[in-house]
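Residues per chain, in single letters:
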Amino acid sequence: MIAAIKGIHFDAIYGNHLASNVPSGKIYIKDGSIMAGMAMLSWQVFGRGGHASRPDLSVNPIFAATSILNAVSIAWNNQRDITKLVTLGITQFQGGETWNVIPDSVYIGGTLRFFDWESGVKSLELIKRVATEVAHAHGCIVRFGEKMTAQVPPVINDPQLTAFANKTIGTLFPGRITANEDYNWYASETFALYNQLAPTLFTLVGVENRELGTTAGHHTAAFDIDEDALQYGIGAMLKFATAY
């Protein structure tokens, strides 16, 4: 998308996103970072499979993979800058297909989320180092997926656009704008990449309504929205564009 439009001049780029952690009817507009950057985790631990009755004739990657995750959690507390928050979300641990066969490999996947790019990159390198060395201690090897990189920077709002939005959108929806940092969102959004083209502003439009029951988080089976909130997303976008 960026490659397709990079020859066009943009004065500003605006976007918004529904947010289940923001009360319905509220629009979160804040200077600076409001959504996290993201690094993907994707690696395989390779051992040597075999029959479960003779584990001594195999090199079990399940034990190696488990040890890697334990070692990463310890390194997380002792080898990182504690003032720079980075969340570690392991979401996949896949290995073996039946009860009596030791598998050849185990797959581990997940993400890191961060508001400081340098800390995210350093944390990713820490995981790679720990995974490689612990796997070696178990007689295994690690292969990292090609997507295991720091891929998306944090979403950072331009201060001038933030002030402009507060003033103009505030006239359309008085009392609806909030800058409460409790609404910072640890999810990531590729909208962040648009700041390569122009100053950017991203707002979060609340859909949390306890009376309706729309309180579940994004990417969960129970997620739903308060459709009444859509007017604030459309209204804010149009007001910003026409006023600008």
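In what follows, the structure referred to is the one given above.
All values reported here derive from a predicted model rather than from experimental measurement. (Residues numbered from 1 in each chain as written. Predicted model: local features only at pLDDT ≥ 70, side-chain atom pairs only at ≥ 80, totals over all residues. Heavy atoms only, no water.)

Caption draft 1: Broad picture of the sheet that holds strand 12 (residues 177–178). Pairing is mixed in the open sheet, where four strands are placed in the order 1-13-2-12. Strands at the two margins of the open sheet, each flanked by one partner only, are strand 1 (13–23) and strand 12. Where strand 1 lies against strand 13 (residues 200–208), eight bridges are found, and the strand directions are parallel. Bridging from a neighbouring strand, Pro23 pairs with Glu208 of strand 13. Sitting on the sheet, helix 5 (residues 230–243) touches strand 1, strand 2 (27–28) and strand 13, and the angle it makes with strand 1 is about 155 degrees. (Pairing = 2+ DSSP bridges. Helix = DSSP H or I, 4+ residues; strand = E, 2+ residues; numbered from the N terminus. Contact = heavy atoms within 4.5 Å. Axes fitted to C-alpha atoms, helices over the stretch in contact; angles between N-to-C directions.)

Caption draft 2: Local environment of the nonpolar core. By size, the foremost hydrophobic cluster in this structure holds 26 residues, and its most contacted members are Trp43, Val45, Ile68, Leu112 and Ile127. Broken down by secondary-structure element, the contributors of at least two residues to this core are strand 4 (37–46), helix 2 (61–78), strand 8 (105–114) and helix 3 (117–137). Excluding its chain neighbours within four sequence positions, the residues that come into contact with Val45 are Pro61, Ala64, Ala65, Ile68, Asp104, Ser105, Val106, Cys140, Ile141 and Val142. With 19 residues, the next largest nonpolar core counts Ala19, Ile34, Met35 and Ala198 among its residues. (Core = buried A, V, L, I, M, F, W, Y, C linked by side-chain atoms within 4.5 Å. Buried < 20%, exposed > 50% of the residue type's maximum accessible area, 1.4 Å probe, protein only.)

Caption draft 3: Representation of the pattern of salt bridges in the model. Tallying each qualifying case throughout the model produces four salt bridges. A salt bridge links Arg54 to Asp56; its shortest N-O distance comes to 2.7 Å. Under the relative-accessibility criterion, Arg54 is labelled partly exposed at 42%. (Salt bridge = Lys/Arg side-chain N within 4 Å of Asp/Glu carboxyl O.)

Caption draft 4: Layout of the environment of Gly25. Position of Gly25 among the secondary structure elements: in the loop between strand 1 and strand 2. On the basis of relative accessibility, which here comes to 4%, the residue Gly25 falls in the buried class. Discounting chain neighbours no more than four positions away, the residues touching Gly25 are Arg176, Gly206 and Tyr232.

Caption draft 5: Fine view of the packing of helix 2 against helix 3. Where helix 2 contacts helix 3, the two axes come as close as 9 Å, and the packing angle between them is 140 degrees. On the basis of the axis angle, helix 2 is oblique to helix 3. Here helix 2 and helix 3 pass one another in a crossing that is right-handed. The segment helix 2 lies against helix 3, with Ala64, Ser67, Ile68, Ala71, Val72, Ala75 and Trp76 engaging Ser123, Leu126, Ile127, Val130, Ala131, Val134 and Ala135. Looking at side-chain class alone, the contact of helix 2 with helix 3 contains twelve nonpolar, two polar and no charged residues. (Parallel < 35°, antiparallel > 145°, perpendicular 65-115°, else oblique. Left-handed = near helix turned anticlockwise from the far one by under 90°. Nonpolar A, V, L, I, M, F, W, Y, C, P; charged D, E, K, R; others polar.)

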